[in-house]
Amino acid sequence: MLRTLVLVMATALATASHAADKLVVKESTRSVKETADALAQALQSKGIKLVARVDHAAGAKSAGLEMAPSEVLMFGNPKLGTPLMQANPEIGADLPMKVLIWQDAGGKVKIGYTAPDALKARYGIAGKDEVFAAMGKALDGLTAAAAGSGG
C-alpha cells in the first residue's frame, strides 16, 4: 500500500512538473525566418537587446543533416532579469529569455516560450510577482506581433 502511494505521488509530481514546464505556443502566419525577423524587429523597437539568434536547421545542415526550419532568439532586459537572479541565481540557466520558432511536422509555424509562471515555480521565487507579470505581458505581446496576430 505504501509503495503504491509513493508511486502515485511520484507520478503526480512528475506530471505536475512536466505540465509547469510546457511552452506557451502560438501559431504564426509567417515562415520561420519571417517570424524570427519580425520578433527581432519587435525587440529592437522596444529597446530590448537581442543576445543571440540560433538557426538550428543551418546547424543541422553543417553536420550533413536535415531538419525543418527552427530558430531560437535569446534576448533580455536587465531591469527584469536582474531582480530575479538576485532572488535566485539559478534562474540564470533560463535567462536571458528564449523564444523558439519552428515548423512542425504538418508544416505549420509555431512560436513558443516558457511561461514566466513556470520559471517562478521552477526556481521558487517569491515576492517578484510584478516582474513575472511584466515579463509575461512583454512575451505575449512580442510573440503575438511576431506571429502576425497583433500585439
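Participant: Which residues make up unusual backbone geometry, and what values go with them?
Facilitator: Here the residue pair Leu95 and Pro96 is connected by a cis peptide bond, since its omega of 0° sits within 30 degrees of zero. As for its position among the elements, Pro96 is in the loop between α4 (78-87) and β4 (97-103).

Participant: Give me the lowdown on the nonpolar core, citing residues and values where you can.
Facilitator: Judged by nonpolar contacts, the single largest core of 30 residues is most densely connected at Leu39, Phe75, Ile91, Val99 and Ile101. Those elements that provide at least two residues to this core are α2 (32-45), β3 (70-76), α4, β4, β5 (109-114), α5 (116-123) and α6 (129-147). Residues within four places of Phe75 in sequence aside, it is in contact with Leu39, Leu43, Ile48, Lys49, Leu50, Val51, Pro96, Met97, Val99, Leu139 and Leu142.

Participant: Help me get a handle on the layout of surface pockets, residues and values and all.
Facilitator: There is about 470 Å³ of room inside the largest pocket. Forming the walls of the largest pocket are 24 residues, and the residues nearest its centre are Ile48, Phe75, Gly76, Asn77 and Leu80. The class makeup of the residues in the lining of the largest pocket is 15 nonpolar, 6 polar and 3 charged.

Parameters at a glance
- Residues numbered from 1 in each chain as written.
- Predicted model: local features only at pLDDT ≥ 70, side-chain atom pairs only at ≥ 80, totals over all residues.
- Heavy atoms only, no water.
- Helix = DSSP H or I, 4+ residues; strand = E, 2+ residues; numbered from the N terminus.
- Core = buried A, V, L, I, M, F, W, Y, C linked by side-chain atoms within 4.5 Å.
- Buried < 20%, exposed > 50% of the residue type's maximum accessible area, 1.4 Å probe, protein only.
- Contact = heavy atoms within 4.5 Å.
- 1 Å grid on protein atoms, 1.4 Å probe; cavity = no way out; pocket = protein on both sides within 12 Å on 5 of 7 lines; lining within 4 Å.
- Points joined across faces, edges and corners; volume = space filled by probe spheres on them.
- Nonpolar A, V, L, I, M, F, W, Y, C, P; charged D, E, K, R; others polar.

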